[in-house]
Amino acid sequence: MENKTWQFISGNEAIAEGAIAAGARFYAGYPITPSSEVAETAARRLPQVGGMYVQMEDELSSMAAIIGASVAGKRAFTATSGPGFSLMQENLGVAVMGEIPCVIVNVQRSGPSTGMATKPAQGDVMQARWGTHGDHGIVVLSPSSVEDCYYLTLCAFAIADRFRTPVVLLADAAIAKLKERASLHPVPEAERAMRPLPACPPDEYRPFAVDPEERVITPLAPFGGDYVYRITGSMHDDAGGQAASPANADQVIHHLTDKIEKNRSSIVQVREYDLDDAEIAVISFGCSARSARAAVREARRRGWSSSPSGPFPRMRSGTFSPTSAPPSSPS
Amino acid sequence: MRTYRDYLVEKRFPTIWCGGCGNGIVLKAIALAFADLGLDRKKTVAVSGIGCWGWADDYLNVNGFHGTHGRALAFATGIKLANPELTVVVLMGDGDGATIGGNHLIHAARRNVDLTAVVVNNLNYGMTGGQYSGTTPQGSYTSTSPYGHVEDGFDLCALAAAAGAPYVARGSVAEGGKLRELVRTGLSRKGFSFVEAISVCPTHFGRRNKKKNPTEMFRWLRENALSIEGAKRLSEEELKGKFLLGTVRDRPSEDYGTRYGRVTASAGEMEELS
Ligand SMILES: Cc1ncc(C[n+]2csc(CCOP(=O)(O)OP(=O)(O)O)c2C)c(N)n1
Ligand code: SF4
């Protein structure tokens, strides 16, 4: 393919470029190793494309600011690592409950606590899945190459908009700091997934209306247009008013899980290699997927038939996808 | 002509607030200020925190965002920066805006995003049962300072002004008309405006501090209020326990959005050169 634009860049830069290619025009964050190049790239690149970078006073406010920007109609993202991801958990719940699309990049480093700030790790999987309190579904994508960093960021925004959900891009220090050759296709404006907008008359808009089949997700109207409404992290009725009846709470909580679960087939991405004749399957994600692939190749060379496959085939709700699927991916 | 009632959702009345609570007076002052300026409902957003006062956006007939305890200014920052056409008013209690959210207040004032914060300071955490907050006066009684409060309370206006807020003012629920003026001025200033409304929580703070009913609380508020001008003649000792009302600061300063506009322009030029 001749229209490929090969670049030699890092995973962190590819994430920021992916976000911009996806149409993200707002970044709020607080610097932390090993994610800081996402912020630095965003600070340099966003104003070039009419977007905005703002460095907040901590990760609680960073998470809050991207949620605010998203409600006001901008695709918005932030990037952090373990300690900051912990601080984001409460407001991540606002994005879940308020059904506000946004993308949170967690470049994992070794923990617990400050741990080893420059060492890669994959210890935040459960936190990404369950870190904010209460029952909910969430989408988590995990790149295993620099090219994945770019394409999975594109996917993250598309999924966030389509399902009105926060999406976590769970990278790790090894992939984010890695520089390798990657082809980053520009996304023409016209081909960029558009955030769906409501079409009903303003007084009929129910921002939290639920389709029991979860086929239709109610579009989010940006503040400032014709739709005047209320968005909330508290339990709400379909109009966004405070509502505490058990029947309503039951419906809302099921919806928050079901809108992800029932659409799993269009969210989960798994990359499979050499599984057809395999007797042992190796399941891996993120940076270790590359070592697993190499180990399996070596094993096959020595005559064993095992095979690495993509991530855990399933985790309860949410998805765990180690890779997107450009076939050229160097893993 | 719009009236203040156009900005209220009266079908949700009566409010959840206790009889004698100061919140209703601040709510009306805000609705009146909206009407004075003829704000477009579609282009107005009320961002609230969590607490008794945090329910206020439920009763305002504009866009509402009800997030988490202490973080309202951060949500509001994202909303305003993403759509500068919006008028964004941020409704916080003293626990919300000045204690758990104190760091956001300092940085919002310094960053100078064009927001209007209205902090209702009832000197305690009303919603959770009257515990002490960052503004509870030393010596007063709350459910967690049963022997008298050990710490000193914050002077919120001094804090906001020191952090760089261009418009800072303090009113009280004993003077609703004046409060309306302060909120209106705050809304019409570009940049971060901070309006503190000293308020009463008869249910918790009043009950525990020998001001058993709302009338006594309002009398206490009136008796201890001084104008900022008038206070200049008094000694520190005479000012103890007094609320100084009026405009603390009104000095324009270029807001974040305007400055970032220049960042956008120079980033564009640099891209062309590269
Ligand atoms: C992170 C977090 N911590 C604690 C609480 C519990 N909480 C809810 S409201 C509140 C205090 C409210 O006081 P204030 O902000 O002064 O508002 P008021 O109720 O007096 O209007 C607290 C501590 C919470 N909701 N979230
Ligand atoms: S508890 Fe206090 S602040 Fe809350 S509504 Fe009652 S009087 Fe008002």
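Cut-offs used in this document
- Residues numbered from 1 in each chain as written.
- Chains lettered and ligands numbered in written order.
- Predicted model: local features only at pLDDT ≥ 70, side-chain atom pairs only at ≥ 80, totals over all residues.
- Heavy atoms only, no water.
- Salt bridge = Lys/Arg side-chain N within 4 Å of Asp/Glu carboxyl O.
- Helix = DSSP H or I, 4+ residues; strand = E, 2+ residues; numbered from the N terminus.
- Buried < 20%, exposed > 50% of the residue type's maximum accessible area, 1.4 Å probe, protein only.
- Near = heavy atom within 4 Å.
- Nonpolar A, V, L, I, M, F, W, Y, C, P; charged D, E, K, R; others polar.
- Polar contact = N/O pair within 3.5 Å; in protein donor to acceptor, adjacent residues only side chain to side chain.
- Areas by Shrake-Rupley, 256 points an atom, 1.4 Å probe, with all protein chains shown as cover.
- Contact = heavy atoms within 4.5 Å.
- Buried area = accessible area lost by both parts, 1.4 Å probe.
- Pairing = 2+ DSSP bridges.
- Axes fitted to C-alpha atoms, helices over the stretch in contact; angles between N-to-C directions.

1. Some points on the pattern of salt bridges
Then step 1. Throughout the structure, instances matching the rule amount to 28 salt bridges over all chains.
Then step 2. A salt bridge links Asp277(A) to Arg300(A); its shortest N-O distance comes to 2.8 Å. Of this pair, Asp277(A) sits in the loop between α8 (246-261) and β11 (280-283) while Arg300(A) sits in helix α9 (residues 287-301), and the two are 23 residues apart along the sequence.
Then step 3. Residue Glu254(B) is joined to Arg262(B) by a salt bridge in which the shortest nitrogen-to-oxygen separation is 2.9 Å.
Then step 4. With relative accessibility at 34%, the residue Glu254(B) sits in the partly exposed group.

2. Thoughts on the site of ligand 2
Then step 1. In the vicinity of ligand 2, the contacting residues are Trp17(B), Cys18(B), Cys21(B), Cys52(B), Asn122(B), Gly126(B), Cys201(B), Pro202(B), Thr203(B) and His204(B).
Then step 2. Grouping the amino acids of the shell around ligand 2 by side-chain chemistry returns 6 nonpolar, 4 polar and no charged.

3. Observations concerning the site of ligand 1
Then step 1. In the neighbourhood of ligand 1, 17 residues make up the surrounding shell, with Cys52(B), Gly95(B), Asp96(B), Gly126(B) and Met127(B) lying closest.
Then step 2. More than one chain lines the surroundings of ligand 1; the residues nearby belong to chains A and B.
Then step 3. In the environment of ligand 1, an oxygen atom lies 3.2 Å from a nitrogen or oxygen atom belonging to the side chain of Asp94(B).
Then step 4. Contacts to ligand 1 include Gly126(B), whose backbone N or O atom sits 2.8 Å from an oxygen atom.
Then step 5. Calculation on ligand 1 without its partners gives an accessible area of 590 Å², and the protein chains cover 77% of this total.
Then step 6. Partitioning the shell around ligand 1 into residue classes produces 6 nonpolar, 8 polar and 3 charged.

4. A word on the interface of chain A and chain B
Then step 1. Taken residue by residue, the interface counts 40 residues in chain A and 35 residues in chain B.
Then step 2. Together chain A and chain B conceal approximately 3200 Å² of surface at their shared face, both sides included; 59% is due to carbon and sulfur atoms.
Then step 3. If you look at where chain A meets chain B, you find 4 salt bridges.
Then step 4. A salt bridge links Asp57(B) to Arg230(A); the nearest nitrogen and oxygen atoms lie 2.7 Å apart.
Then step 5. Summed over the shared surface of chain A and chain B, the result is 18 residue pairs in polar contact (both at pLDDT 80 or more).
Then step 6. No other element matches helix α3 (residues 59-71) of chain A, which puts 8 residues into the side of chain A that touches chain B.
Then step 7. Taken together, the residues that form the side of chain A that touches chain B break down as 20 nonpolar, 13 polar and 7 charged.
Then step 8. Sheet analysis places strand β10 (residues 230-232) of chain A next to strand β2 (residues 63-66) of chain B, joined by 3 bridges and oriented parallel. The residue bridging Thr232(A) from the neighbouring strand is His66(B), located in β2(B).

5. Considering the sheet that holds strand β8 (residues 243-250) of chain B
Then step 1. Here we have 9 strands laid out as an open sheet, ordered β10(A)-β2(B)-β1(B)-β3(B)-β4(B)-β6(B)-β5(B)-β8(B)-β7(B), and mixed in their pairing. At either end of the open sheet lies a strand with only one pairing partner, and these are β10 of chain A together with β7 (225-227) of chain B. Recorded for the sheet is a direction-independent mean angle of 20° between the axes of neighbouring strands.

6. Digging into the environment of Thr142(B)
Residue and element names in this part refer to chain B.
Then step 1. Note that threonine 142 resides in the loop between β4 (116-121) and α5 (156-162).
Then step 2. Taking relative accessible area as the criterion, threonine 142 reaches 3% and is therefore assigned buried.
Then step 3. Spatially, the C-alpha atoms of threonine 142 and phenylalanine 205 are 6.4 Å apart, while their sequence positions differ by 63 residues.
Then step 4. Leaving out residues up to four positions away in the same chain, threonine 142 has contacts with Gly130, Gln131, Tyr132, Thr136 and Arg208.
Then step 5. Within the structure, the side chain of threonine 142 is placed 3.3 Å from the backbone nitrogen of tyrosine 132, a separation counted as a polar contact.
Then step 6. At 2.7 Å, the side chain of threonine 142 forms a polar contact with the side chain of serine 145.

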